[in-house]
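Structural description and commentary
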Amino acid sequence: MASAFTHAIAGVAIGTALGPRHVPTRFWIICATAAALPDLDGVGFWLGVPYESTFGHRGFTHSLFFAALLASIALVAFRDGTADAVPRRLWLAFFLATASHGVLDAMTTGGGGIAVFAPFVNERYFLPWRPILVSPMSVRRFFSARGVAILASELVWVWLPAAVVAGTALLLRRRQAVPARESAARRDRRRPRA
Ligand SMILES: [Zn+2]
């Protein structure tokens, strides 16, 4: 795994890039939580579920199917008319936030591969490029000299790219918003006064 906080950062960056302009706070909470949630299978790991099982660590909860399922549940829970977005865009943001977890894990230096196509195929996969130092499942082991090296590697390979993606999306959105405001102002000026 990459650390939970790092997964959450990736989820928030994806939400920033794909989410609507005006969303309630819980949109970000859902994106962050969905990106970190697949590691809930760590509970099964401690309870003795074999790593290589479909429901073992990096199994079902790290699959695209789980990401689609979680995105659908999140969309149903989220929709109450407060967001100015089409549902498929919200769904895509939740789906990619969840799926980003497996992609990042597949870029780590250790552990088993990711069951991308579970529960249909239990084959485990890594990406050919794996620059992120794997994070231990034990919190105690994380707070060690190796923990600092892991954070540094996540900073370079996840936090910085996430900041670039979110920053670019915000800049593009602002540039789109300015012409829209200007043309609305021009329309108002042309409108005859009563
Ligand atoms: Zn994971």
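Residues numbered from 1 in each chain as written. Predicted model: local features only at pLDDT ≥ 70, side-chain atom pairs only at ≥ 80, totals over all residues. Heavy atoms only, no water.

What about the environment of I30?
Summarising the element assignment, I30 is placed in helix α2 (residues 25–36). Judged by its relative accessible area of 19%, I30 is buried. With near-sequence residues (within four places) excluded, I30 lies in contact with A74, F78 and F94. (Helix = DSSP H or I, 4+ residues; strand = E, 2+ residues; numbered from the N terminus. Buried < 20%, exposed > 50% of the residue type's maximum accessible area, 1.4 Å probe, protein only. Contact = heavy atoms within 4.5 Å.)

Details of the packing of α2 against helix α4 (residues 64–78)
Following both chains from N to C, one finds α2 and α4 inclined at 160°, their axes separated by 12 Å at the closest point. In terms of orientation, α2 lies roughly antiparallel with respect to α4. The element α2 and its partner α4 pack so that their crossing is right-handed. Two secondary-structure elements touch here, α2 through R26, F27, I30 and A34 and α4 through L70, A74, A77 and F78. Looking at side-chain class alone, the contact of α2 with α4 contains 7 nonpolar, no polar and 1 charged residues. (Axes fitted to C-alpha atoms, helices over the stretch in contact; angles between N-to-C directions. Parallel < 35°, antiparallel > 145°, perpendicular 65-115°, else oblique. Left-handed = near helix turned anticlockwise from the far one by under 90°. Nonpolar A, V, L, I, M, F, W, Y, C, P; charged D, E, K, R; others polar.)

Overview of the pattern of salt bridges
Tallied over the full model, the rule gives 1 salt bridge. Measuring nitrogen to oxygen at the nearest pair gives 3.7 Å for the salt bridge that ties R58 to D105. Placement of R58 in the loop between α3 (41–46) and α4 and of D105 in helix α5 (residues 87–105) is noted, with a sequence separation of 47 residues between them. Accessibility classification places R58 together with D105 in one group, the buried group. (Salt bridge = Lys/Arg side-chain N within 4 Å of Asp/Glu carboxyl O.)

Describing the side chain of H7
Considering the arrangement of structural elements, one finds H7 in helix α1 (residues 4–18). On the accessibility criterion, H7 (0% relative accessible area) is buried. For H7, the side chain forms a polar contact with the side chain of H101, separated by 3.4 Å. (Polar contact = N/O pair within 3.5 Å; in protein donor to acceptor, adjacent residues only side chain to side chain.)

Section: the coordination of the zinc ion
A four-donor tetrahedral metal ideally has 109.5 degree angles, and a six-donor octahedral metal ideally has angles of 90 or 180 degrees. The coordination sphere of the zinc ion, as far as protein atoms go, consists of D39 (OD), H62 (NE2), H101 (NE2) and D105 (OD), spread over 2.0 to 2.2 Å. Each of the 4 donor atoms around the zinc ion contributes to a set of angles spanning 92 to 164°, which defines the coordination as irregular. In the primary sequence, the donor residues of the zinc ion line up as D-x22-H-x38-H-x3-D. One end of the pair, H62, is in the loop between α3 and α4; the other, D105, is in helix α5, with 43 residues separating them in the sequence. (Donors = N, O, S within 2.8 Å, 3.2 Å for Na, K, Ca; no water. Tetrahedral: all angles 85-135°; square planar, octahedral: opposite > 155°, others 65-115°.)

Re α2
In this model α2 runs 17 Å from its N-terminal to its C-terminal C-alpha over 12 residues, within 8% of the 16 Å that 1.5 Å per residue would give. Buried within α2 are the following residues: F27, I30, C31, A32, A34 and A35. Along its buried surface, α2 packs onto α1, α4 and α5. (Expected span 1.5 Å × (residues − 1).)

So yeah, pure geometry; function would need other evidence.
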